[in-house]
2 protein chains.
Amino acid sequence: MSEWTQLWLNYERVRNDIKSVNITFSGFSEDNRVVGSMIDELRRGMYGLLGAEVSFGENGAGSSDTLKIEIKKNVAVKAEGYRISCKNSTVSVEAGDENGALYGTYHLLRLVNFGKLSDGCEVNSSPDNPLRMMNHWDNMDGSIERGYSGRSFFYVNNEIVVDDRTRDYARFMASIGINGVVINNVNVKDAASYLITDRYFGRLKELSDVFGDYGIKMYLSLNFASPIELGGMDNCDPLNEEVIKWWDDKCKEVFEALPNLGGFLVKADSEGRPGPFTYGRTQADGANMLADAVKPYGKLIIWRCFVYNCTQDWRDTKTDRARAGYDYFKDLDGKYKDNVILQIKNGPMDFQIREPVSPLLGGLTKTNQMLEVQIAQEYTGQQIDLCYLIPLFREVLDFKTYCQKEKDTVADVISGRAFGNKNCGIAAVINTGNDKNWTGNDMAAANLYGFGRLAYDMSLSAEEIAREWVSQTFRIDKNDEDLIVDMLLRSREIYEKYTCPLGIGWMVTPNTHYGPSVDGYEYSRWGTYHRADHLGLGVDRSSNGTGYAQQYYPENAEKFNDPDKCPQELLLFFHHISYDHRLKDGRTLIQYIYDTHFDGEAEAEKIAENWNILEGKIPEESFLRVKNRFERQIYNAKEWRDQVNSYFYRKSGIKDEKGRKIYE
Amino acid sequence: MSEWTQLWLNYERVRNDIKSVNITFSGFSEDNRVVGSMIDELRRGMYGLLGAEVSFGENGAGSSDTLKIEIKKNVAVKAEGYRISCKNSTVSVEAGDENGALYGTYHLLRLVNFGKLSDGCEVNSSPDNPLRMMNHWDNMDGSIERGYSGRSFFYVNNEIVVDDRTRDYARFMASIGINGVVINNVNVKDAASYLITDRYFGRLKELSDVFGDYGIKMYLSLNFASPIELGGMDNCDPLNEEVIKWWDDKCKEVFEALPNLGGFLVKADSEGRPGPFTYGRTQADGANMLADAVKPYGKLIIWRCFVYNCTQDWRDTKTDRARAGYDYFKDLDGKYKDNVILQIKNGPMDFQIREPVSPLLGGLTKTNQMLEVQIAQEYTGQQIDLCYLIPLFREVLDFKTYCQKEKDTVADVISGRAFGNKNCGIAAVINTGNDKNWTGNDMAAANLYGFGRLAYDMSLSAEEIAREWVSQTFRIDKNDEDLIVDMLLRSREIYEKYTCPLGIGWMVTPNTHYGPSVDGYEYSRWGTYHRADHLGLGVDRSSNGTGYAQQYYPENAEKFNDPDKCPQELLLFFHHISYDHRLKDGRTLIQYIYDTHFDGEAEAEKIAENWNILEGKIPEESFLRVKNRFERQIYNAKEWRDQVNSYFYRKSGIKDEKGRKIYE
């Protein structure tokens, strides 16, 4: 028994008619380390899926039970892309570079796995996003901020660990097309401040080499105050010559020691982190200073846009946290160096189950942009509750920003299709830890898998991805596969139903962010309010309110600004609405709240029951782990249902029309 | 500069006419360690207060500037009591034992300090309570549970510290009549579980010797699961022969090593602590087993009655945490061994700013009882907000339980006057830490001083105690003394006004217990609800509700049961009341809530302003520390005012009649 699972790379036997696999390379050197990984994976995969031994190089005429694979360099194939074709039992994988070949290999293994490798099949794929990254919020003491799957597998007691698990992690990431990994928490403190000193270069080099074997660049989160903390200086003003010099020297030292490091991720001026604002400088001043320092080495600065006033007064209804990103960054559009990328969360608040798309995405037209999503389920059930997030990400990618006439969706913006950027893409706050199954809830691996696949190929639907994941993870028949796919596809809506209604968000337990606390953030300093009173709830972000809706291009601004045109699922995000307001289906708002909370809990119970159908059909350990999570989800769903319903009943005095139990 | 202050023992000069003090002992040996402490204190005090050198023993005829003091043993004086009389410039202090003589000495020093030592003065005092204890919630890692004055001065890094500060602490305690100190948190875990092993006996002996020098017995909080954690047994069932044997052996070992140990304090079956319930045994089974084990050494088991279901469901309106103590302990009345004392919190909940008196006090008639109060201001402002608690304690002591025709107050019960007990008294969860001023807020020392004085002499008024404390702590004129006394006396009512109305309690931030969160505990598992809806609030604990009111003797039960007879300050503790209900003064409940919250905040501002009058009159360091606390109190009071008012306005929709600002 291994100490960890192989997730979707478990390569169980799918057919027995092929006895051997013969692979030839042309244009790629077997000495290349990525090619080496490819060879290892082909051996492992073909043996697992087919029971076939793999040979390399020309070895005469193949017999009918031999599968021939030719892996060829073809510079006409786009960067990191691949073409797969199959005729006369010979498969050709063409790629312009090693990463493309590796991704093509994984795709080939999937085709075998799905039983879709047959004469005439053709695949032509290249990544939609130049950068496809994972952000780990791992701390060096081994804890993980917002981690729900055990401890870090990168760190134990402030030391970096590089072992077989690291290599498996890199394999999983490569198999879904990830090409960048940030290995430490954006809140850089304690030992992590010393990652850019020779104290850690040795192990970092080892780690970046493992990633390098799989075509992945390593990145570090940076402490903007390093000149103070490490350099003994009294400031970290980005326009100070000594500070600039310090960073220049530091970058020289770092990139000489760690040539495979891709650059730095920076959270500055946010939630207590130091930044350029301290010195009256702009975010661009801060980012550009670092960009200049890393430029000689061809590296990137990824600068997070999660900047807002986290000491707001709840009594102040004019300040609006949702506005902050746009307010701070829009005016500086075009002021950023070419090797700076602004990393923008999908919504203007913070990874709630429902938010509008951030107006910065597409709002910026002259600045490199990267979308940040969170597959760690901080606000979406913490890998206890099932919540398949790909439908949410799909909605974000498909959102029309109206930033120009065509190619104006978020997908167009972050891929570079809209404005021709090269430094852009998508990043996810990852949901892994050292739990045996990597993601706490086995089902949460669908978000890990799905994010990578979607980042590479933004044309995939949430259902396609779900189906791919299920079919690689479990060896079950079509009906059961449908059952799991159905669970996944419905899970986000179910979670939304029993938690925060119509985009309002934040009714969670403070700090932990699991479970309900309707007023938990209502009188806090975090800018997170629902403004419920005895007549209604919701935040007026229209032109009569905070004006947030006006941050969008006119087509969206007009829609969000008007309660009659506003998409219903975002109604309370943009408007303060009376409990007796009739929604489009004729129900009052309060009745809608009651109905969705009763329904959401009931639906959660239903999918939990459905899980039991799988007993005996999937490995018992997985079955029981997920069953246990469902039990906890039901408990949570009941708490949400009853607390939200009681809260609004107590506040409004309006009874449920259907007379269901609401605790008084 | 010392690293810590001398609190009320700072002995500043009060007169200059006495040049020398001559002291003689009769019946007491100067070799006795308590007498030794007395001698040290007289030297220190007389030098400080009078500038006089102290000599001991007969030294011929005194001159007119010599004060003669005779300290005499007199077995007619009650245990730990003293008599002081003064004629012809000769003071006589008589006592039946060393503790009495020591307390008499401190009283004598107070008389000198107050300018009240003159011919003809007579004092006759003996402690009302046999046991007068401090409970430290100090953990061995140096943290203090609910500590607001720095770190522990007993522990650093799991080691016991015995130094000059320990001795000063013992002096302070003796000066106010404390004769027992529990040195570790009732939640016994980690290193503290090993206090009863030879790992710590050496230092514990040193510590108990310092206490012994001041007539104080040391006590330890005990982990009921010690047979498991230390003994390697698989259970700690109090009726298991092996467990009994283990405790017998353990007690022999402990009391041989630590003869000055007074016994053990036990928190069992409470908030996750192990206890007899685990094995289907009663609280009496648990306490008596330990009582038998300590009996050969003449020691005590103090058993806390803070037992309740802390995993309640908020939806369950029948279960009532307030009932739990009585429900668990009343039936066992008379079943406890004579060396067991039940330690009962003043209220049935947990140290809220206003609660009814626990019905167990006096409800038990055949069991030793000890009152537990909390001077650590967990729910009462955390030594940031000024809250002089002696008026609250006075109310508790004066509460008529109706347990018999006469001598039926709480003071009668805990002193043993009611039922003739010897093992009884009063304990406080202490508010000290290693802050320079011991109590975080200099003014919080009034609670420390006041508790000790009140525990010794339950006839003292809150004002008398306040005046004693101020006049020993600050050398200021009468007007300024009046100013501080007035602040202290009004502070509890002010705090109550801007926080939780009419006895409802619990509207605090979960976990930290500082600052408002009206719904913070409303949907929790702690049994702490206000049940506010759009029509009213309060918990129905009458016979129509949870029936808690019926736990009192009929006279009280009838009063509490009826909203018209219920003391107004407890109205919401006992009844669910409509916002439009008219209180006795004609105001509606909602208007009362608004008024008290506006008034309370305004009054807090007023006393904060008054503090500024003292600038330059008291040591600057004290002045600034307290000024800073007042600033934080004002911030807190505004938060409370606005959050509570907004909460109830939003819920009720009823406007403030006076049109003051309530945030919508």
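For the structure, check the block above.
Residues numbered from 1 in each chain as written. Chains lettered and ligands numbered in written order. Predicted model: local features only at pLDDT ≥ 70, side-chain atom pairs only at ≥ 80, totals over all residues. Heavy atoms only, no water.

### What to know about helix α16 (residues 589-612) of chain A
Spelled out, the test is: By definition, any uninterrupted DSSP run of H or I lasting at least four residues is a helix, any uninterrupted run of E lasting at least two residues is a strand, and each is numbered from the N terminus. Helix span, as expected, comes to 1.5 Å for every residue beyond the first. Exposed residues in this analysis have more than 50% of their type's maximum accessible area, buried residues have under 20%, and partly exposed residues fall in between, with area computed by a 1.4 Å probe over protein chains only.
Relative to the 34 Å expected for 24 residues at 1.5 Å per residue, α16 of chain A spans 35 Å between its end C-alpha atoms, a close match to the ideal helical length. Burial within α16 of chain A is extensive, with 17 of its 24 residues counted as buried.

### Considering the side chain of Asn437 of chain A
Residue and element names in this part refer to chain A. So the rule is basically this: Between two residues, a contact is recorded if the distance between any of their heavy atoms is within 4.5 Å.
With respect to the helices and strands, the residue Asn437 is situated in the loop between β16 (425-429) and α11 (445-456). We classify Asn437 as buried; its relative accessible area is 3%. Look past the residues within four positions of Asn437 in its chain and what remains in contact with it is Thr5, Leu7, Asp442 and Arg625.

### Structural notes on the pattern of salt bridges
How we decide: We count a salt bridge whenever a side-chain nitrogen from Lys or Arg sits within 4 Å of a carboxyl oxygen from Asp or Glu.
Applying the stated criterion across every chain, the model contains 107 salt bridges over all chains. Measuring nitrogen to oxygen at the nearest pair gives 2.9 Å for the salt bridge that ties Arg492 of chain A to Glu395 of chain A. With Arg492 of chain A in helix α13 (residues 478-498) and Glu395 of chain A in helix α9 (residues 390-398), the pair connects residues that are 97 residues apart, well separated along the chain. Residue Arg323 of chain B is joined to Asp327 of chain B by a salt bridge in which the shortest nitrogen-to-oxygen separation is 3.1 Å. Take Asp327 of chain B: its relative accessible area is 38%, and that puts it in the partly exposed class. Through salt bridges with shared partners, one network takes in Asp313 and Arg315 of chain A together with Glu601, Glu605, Lys638, Glu639, Arg641 and Asp642 of chain B.

### Some thoughts on the interface of chain B and chain A
Let me state the cut-off plainly: In short, buried area is how much 1.4 Å probe accessible area vanishes from two parts on joining, totalled over both. We call two N or O atoms a polar contact when they sit within 3.5 Å, provided that within protein one can donate a hydrogen and the other can accept it, with sequence-adjacent residues counted only if both atoms are side-chain atoms. Each residue gets one label: Ala, Val, Leu, Ile, Met, Phe, Trp, Tyr, Cys and Pro are nonpolar, Asp, Glu, Lys and Arg are charged, and the others, such as Gly, are polar.
Contact residues are listed per partner, giving 21 residues for chain B and 21 residues for chain A. Interface area, chain B with chain A, both sides summed: about 2,100 Å², of which 51% is carbon and sulfur. Sorting the residues of chain B by area buried against chain A places Arg315, Tyr523 and Arg650 of chain B first, and these three jointly supply 37% of that buried surface. Our count for the chain B to chain A interface comes out at six salt bridges. Of the charged contacts in the structure, one is a salt bridge between Arg650 of chain B and Glu522 of chain A, with a shortest N-O distance of 2.8 Å. There are 14 residue pairs in polar contact (both at pLDDT 80 or more) connecting chain B and chain A. Within the side of chain B that touches chain A, the residues separate by chemical class into six nonpolar, five polar and 10 charged.

### A look at helix α2 (residues 98-114) of chain A
All names here are of chain A. Relative to the 24 Å expected for 17 residues at 1.5 Å per residue, α2 spans 24 Å between its end C-alpha atoms, a close match to the ideal helical length. Along α2, 16 of the 17 residues are buried, which leaves the element largely enclosed by surrounding structure. Of the residues trailing α2, Gly115 is marked for its positive phi of about 70°.

### Structural notes on the relation of the copies chain B and chain A
Heads up, the rule is: Copies overlap after least-squares fitting; the atoms used are the C-alpha atoms of residues with pLDDT of at least 70 in both.
Superposing chain B onto chain A takes a rotation of 180° combined with a translation of 0.0 Å along the rotation axis, leaving an RMSD of 0.0 Å. Taken together, the rotation angle and the small translation identify this as a two-fold axis. Residue Lys651 of chain B of chain B places its C-alpha closer to the rotation axis than any other residue of that unit, at 2.6 Å. A share of 100% of the interface residues of chain B reappears at the interface of chain A, consistent with the copies meeting face to face through the same patch.

### Regarding the packing of helix α4 (residues 198-213) of chain A against helix α6 (residues 241-257) of chain A
Residue and element names in this part refer to chain A. In plain terms, the rule: Angles run from 0 to 180 degrees between N-to-C directions of axes, and those axes are lines fitted to C-alpha atoms, restricted for helices to the stretch in contact. Small angles under 35 degrees read as roughly parallel and large ones over 145 as roughly antiparallel, with 65 to 115 read as roughly perpendicular and the rest as oblique. Left-handed describes a crossing in which the near helix is turned anticlockwise from the far one by less than a right angle; the clockwise case is right-handed.
For the pair α4 and α6, interaxial distance at closest approach is 10 Å and the crossing angle is 30°. With respect to their mutual orientation, α4 and α6 come out roughly parallel. Of the two elements, α4 crosses α6, and the hand of that crossing is right-handed. Here Asp198, Phe201 and Lys205 of α4 come into contact with α6, specifically with Glu253, Val254 and Ala257. Looking at the contact of α4 with α6 residue by residue, the class counts come to three nonpolar, no polar and three charged.

### Side note on the state of the cysteines
All names here are of chain B. This is how the line gets drawn: When two cysteine sulfur atoms are found within 2.5 Å, that pair is recorded as a disulfide.
A complete count under the given rule lists zero disulfides over all chains for this structure. Of all cysteine sulfurs, the one in Cys251 lies closest to Cys236, which takes part in no disulfide; the gap is 14 Å. No disulfide involves Cys310; its nearest neighbouring cysteine sulfur is the one of Cys305, lying 16 Å away. The buried category is assigned to Cys310, whose relative accessible area is 12%.

### Some thoughts on the sheet that holds strand β3 (residues 66-73) of chain A
Residue and element names in this part refer to chain A. For the record, the criterion: In this description, strands pair whenever DSSP reports at least two bridges between them.
If you walk across this open sheet you meet the six strands as β2-β1-β3-β5-β4-β6, and the pairing is mixed. Of all strands in the sheet, those bounded by a partner on one side alone are β2 (53-56) and β6 (122-125). Neighbour-to-neighbour, the strand axes of this sheet turn through a mean angle of 15°, independent of strand direction. Here strand β1 (residues 20-26) runs beside β3; their pairing, made up of seven bridges, is parallel. Counted as the bridge partner of Ser20 is Thr66 from β3. Packed on one face of the sheet, α2 meets β3, β4 (82-87), β5 (90-95) and β6 and runs near 45° to β4.

### Looking at the packing of aromatic side chains
Counted only if it meets this: Aromatic pairs are defined between Phe, Tyr and Trp rings, using the six-membered ring for Trp, whenever the two ring centres lie within 6.5 Å; interplanar angles under 30 degrees are classed as stacked, those over 60 as edge-to-face, and all others as tilted.
For the structure on display, the rule yields 74 aromatic pairs over all chains. Ring geometry for Tyr495 of chain A against Tyr498 of chain A: centres 5.4 Å apart, planes inclined by 65°, an arrangement best described as edge-to-face. With Tyr495 of chain A and Tyr498 of chain A both in helix α13, this residue pair falls three residues apart, about one helical turn. When its relative accessible area of 2% is taken as the criterion, Tyr495 of chain A is described as buried. The exposure class of Tyr498 of chain A is buried, given its relative accessible area of 0%. For the pair Phe153 of chain B and Trp438 of chain B, a centre-to-centre distance of 5.2 Å together with 75° between the ring planes defines the contact as edge-to-face. Of this pair, Phe153 of chain B sits in the loop between β7 (131-135) and β8 (155-156) while Trp438 of chain B sits in the loop between β16 (425-429) and α11 (445-456), placing them 285 residues apart in sequence. The same class applies to Phe153 of chain B and to Trp438 of chain B, which are both buried.

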